[in-house]
Amino acid sequence: VLKNVHNSLCSIIESAGLELSASGLNQRFNQEGVDFLKGELEALIGTSTKISERLKSGLSKKFKRVIVVDSTSWQLHKKLEDRFGGCGGDASPAGIKVQVFLDALSSVLTEFEVTSGDVPDQKYAPNISEIFKKDDLALFDLGYFKLSVLSDLIKQGTSFVSRYLHGTTVLIPSSTGFKTLDLFKLLKKLKENQAFEFDIYLGAQDKLPCRMVATRLPKDEANEKIRKLRENAKKKGKILSKREIVFAQWNIFVTNTDASVLTAIEVTQTYRLRWSIELLFKQFKSTLNLHRWNHGNEYRIQCEILGTLIVAAILMIFHGLAQALIWREDQYHNEISVEKLFKLFKNNAYQLLNALKLAIRDIRALFKNLLTQILSNCKKESRKSRPSTMHSVSINTRKITCKTLKNKTLLKFVLKKTRN
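Note that the structure is a prediction, hence the values are computed from the model and not measured. (Residues numbered from 1 in each chain as written. Predicted model: local features only at pLDDT ≥ 70, side-chain atom pairs only at ≥ 80, totals over all residues. Heavy atoms only, no water.)

Trainee: Please give an account of the overall build of the protein that cites residues and values.
Mentor: The number of helices and strands found in the protein is 16 helices and 11 strands. For the protein, long-range pairs separated by at least 24 residues make up 69% of all intrachain contacts whose partners lie at least 6 apart in sequence. For the protein, the exposed area adds up to about 22,100 Å²; of that, 51% sits on carbon and sulfur atoms. (Helix = DSSP H or I, 4+ residues; strand = E, 2+ residues; numbered from the N terminus. Contact = heavy atoms within 4.5 Å. Areas by Shrake-Rupley, 256 points an atom, 1.4 Å probe, with all protein chains shown as cover.)

Trainee: Give me the lowdown on the environment of Asp 103, citing residues and values where you can.
Mentor: If you trace the backbone, Asp 103 turns up in strand E2 (residues 95–103). The sequence separation of Asp 103 and Val 68 amounts to 35 residues, and the corresponding C-alpha distance is 6.4 Å. Among the polar contacts listed, one links the side chain of Asp 103 to the side chain of Ser 106, at a separation of 3.2 Å. (Polar contact = N/O pair within 3.5 Å; in protein donor to acceptor, adjacent residues only side chain to side chain.)

Trainee: Requested: an account of the packing of aromatic side chains, with residues and values cited.
Mentor: Under the definition given, this model contains eight aromatic pairs. Ring geometry for Phe 253 and Tyr 271: centres 4.9 Å apart, planes at 55 degrees, overall tilted. Highlighted residues: Phe 253 in strand E10 (residues 250–255) and Tyr 271 in helix H9 (residues 264–271), separated in sequence by 18 residues. Through successive ring pairs, a cluster of aromatic residues spans Phe 318, Phe 345 and Phe 367. (Phe/Tyr/Trp six-rings, centres within 6.5 Å; stacked < 30°, edge-to-face > 60°.)

Trainee: Residue-level account of the pairing of strand E9 (residues 208–216), with values.
Mentor: By the criterion of burial, E9 is predominantly enclosed, with seven of the nine residues buried. Sheet topology note: the E9/E10 ladder contains six bridges and is antiparallel. Residue Arg 216 lies in a different strand from E10, and its bridge partner there is Trp 250. (Buried < 20%, exposed > 50% of the residue type's maximum accessible area, 1.4 Å probe, protein only. Pairing = 2+ DSSP bridges.)

Trainee: Talk me through the pattern of salt bridges; I want residue IDs and the actual numbers.
Mentor: The tally for this structure, following the rule as stated, stands at 14 salt bridges. Of the charged contacts in the structure, one is a salt bridge between Asp 121 and Lys 97, with a shortest N-O distance of 3.4 Å. Of this pair, Asp 121 sits in helix H4 (residues 121–124) while Lys 97 sits in strand E2, and the two are 24 residues apart along the sequence. As far as the burial class goes, Asp 121 and Lys 97 line up, both buried. (Salt bridge = Lys/Arg side-chain N within 4 Å of Asp/Glu carboxyl O.)

Trainee: I'd like a description of unusual backbone geometry, backed by residues and values.
Mentor: Even without a glycine there, the phi angle at Ser 107 is positive, about 65 degrees. A relative accessible area of 9% means that Ser 107 is categorised as buried. The phi dihedral of Asp 135 falls on the positive side, at around 75 degrees, and the residue is not glycine. Position of Asp 135 relative to the elements: it lies in the loop between H4 and strand E4 (136–140).

Trainee: Before we move on, can you summarise the nonpolar core with the specific residues and values?
Mentor: Of all hydrophobic cores here, the largest spans 75 residues; its most connected members are Val 66, Leu 109, Phe 284, Ile 305, Leu 341, Phe 345 and Ile 374. It is helix H11 (residues 298–330) that provides the largest number of residues to this core, a total of 16 residues. Sequence-distant contacts of Leu 341, that is, excluding residues within four places in its chain, are made with Leu 315, Phe 318, His 319, Ile 336, Ile 374 and Cys 378. (Core = buried A, V, L, I, M, F, W, Y, C linked by side-chain atoms within 4.5 Å.)

Trainee: So what's going on with helix H3 (residues 31–51)? Residues and values would help.
Mentor: The end-to-end C-alpha distance of H3, which contains 21 residues, comes to 30 Å, matching closely the 30 Å that a straight helix rising 1.5 Å per residue would cover. Along H3, the residues that are buried comprise Gly 33, Val 34, Leu 37, Leu 41, Leu 44, Ile 45 and Ser 48. Down the axis of H3, the smallest arc covering the buried residues is 110 degrees, so these residues share one side. Across from the buried face of H3, at angles greater than 90 degrees, the exposed residues are Glu 32, Phe 36, Glu 42 and Lys 50. (Expected span 1.5 Å × (residues − 1). Arc of directions from axis to C-beta.)

Trainee: Please give an account of the confidence of the model for the protein that cites residues and values.
Mentor: The predicted model of the protein averages 86 in pLDDT, with 87% of residues at 70 or higher. Here residues 396–400 is modelled with pLDDT under 50, and outside its nearest four sequence neighbours on either side it reaches 13 contacts, counting other chains as well. (pLDDT = per-residue confidence, 0-100.)

Trainee: Which residues make up the environment of Leu 352, and what values do they have?
Mentor: Structurally, the position occupied by Leu 352 is in helix H13 (residues 349–355). Look at Leu 352 and you get buried, because its relative accessible area is 18%. Considered as a pair, Leu 352 and Phe 367 are 15 residues apart in the sequence and their alpha carbons are 9.2 Å apart. Those residues in contact with Leu 352 that lie beyond four places of it in its chain are Phe 345, Leu 366, Phe 367 and Leu 370.

Trainee: Explain the packing of helix H12 (residues 338–347) against helix H14 (residues 360–377) residue by residue, including any values.
Mentor: With their axes 10 Å apart at the nearest point, H12 and H14 run at an angle of 140 degrees to one another. Between H12 and H14, the angle falls in the class oblique. Here H12 and H14 pass one another in a crossing that is right-handed. Along the contact surface, H12 presents Lys 340, Leu 341, Leu 344 and Phe 345, while H14 presents Leu 370, Gln 373, Ile 374 and Asn 377. Its residues assigned to classes, the contact of H12 with H14 comprises five nonpolar, two polar and one charged. (Axes fitted to C-alpha atoms, helices over the stretch in contact; angles between N-to-C directions. Parallel < 35°, antiparallel > 145°, perpendicular 65-115°, else oblique. Left-handed = near helix turned anticlockwise from the far one by under 90°. Nonpolar A, V, L, I, M, F, W, Y, C, P; charged D, E, K, R; others polar.)

Trainee: Give a description of helix H1 (residues 9–16) that names residues and reports values.
Mentor: Buried within H1 we find Leu 9, Ser 11, Ile 12 and Ile 13. Backbone geometry just after H1 places Gly 17 at a positive phi near 65 degrees.

Trainee: An account of a nonpolar patch on the surface is needed here, citing residue identities and associated values.
Mentor: On the surface, a cluster of nonpolar side chains totalling about 320 Å² of accessible area is made up of Tyr 350, Leu 353 and Leu 356. Mapped onto the secondary structure, Leu 356 falls in the loop between H13 and H14. Take Leu 356: its relative accessible area is 69%, and that puts it in the exposed class. (Patch = residues over 30% accessible without salt bridge, like charges linked within 9 Å, V, L, I, M, F, W, Y side chains within 5 Å.)

Trainee: Describe the environment of Pro 209, naming the residues involved and giving the relevant values.
Mentor: Among the structural elements, Pro 209 can be located in strand E9. Pro 209 sits 45 residues away from Val 254 along the chain, and the two C-alpha atoms are 9.9 Å apart. Not counting chain neighbours up to four residues away, the residues in contact with Pro 209 comprise Ile 154, Ile 200 and Tyr 201.

Structural data, given as structure tokens:
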């Protein structure tokens, strides 16, 4: 997995020192092999939650787990079209997608699911509520935004932070029941460069009680975002609307957490933890070469994916342990780089393979040495002007003030616009 860039049968045999022919190895890629690796991956996930260490931060005192969910996908050989459908268009007719759940407080991969590439996140979204537990915090993007899913999470006591899906009805209470909030007109009116929060209800029918947090982007970031949106609109023969320009200047989140649990500033900082899974996906493809296989053997593809996920899960256990150790020493000022850690293991791939033949005592010594190397060589470069994501969510942000828009103020604004 770590060394075979082209991953041919002959290179696997040579690397692992197997006494097999290529056809003999190929025959071992079958349903029995797939079931075996699935069982090993499930066992590893169960074990990793027991041996992992949670990072001691403000979030760990409020939530049992902070789970980031996202997916990564890539194209497959066209022969696999019947088994793994692709996304269509100019891409291959075959594709695959992996749904990944990552606990940001321990770096443990808590769940995987492999699906066809043509299964959108919106369609998969109803499954995620089964993964989360009471007192978890779920972080996900708009691909999983569905009112029925948010409703399930609220009922089972799971907290969530998600971006707001534009167009979703936003209601605020009034003396006669509920009034629809015109978010576009509200944001257009606001001028302060601060965070705003207010209590809302999502959905005309669902009326889910939530809190909305809106933070204006820095001017240079907003201008760059608008520039890219204009370019995309131009390619499609469209013109960017005033509404799209206004919304592009804001980060808008919805959450069911109370302000006493996560302040408006903490909501925006905590959501940044989603970036951790993007860094992991980058290593899936740049270091583990997950997307480079180009053959038509259905069972081999599944075995290779499951084997790679096993390797990734093991490496993330080391990441979590090293991160916990380093935080004991310097109080949140350093962070372990996922990229550097994956490359360190890649450089030691043959040593790790040979370690499988060693006695347990020698394996422990090897792993202890690897942890020492991780602590010495895999730290992120520290920048005082740009603190790491984990450092940002760990420091005390409750001294930072933000403006809260009371429902009375919102109602007065809405009624005024209605009269006009």
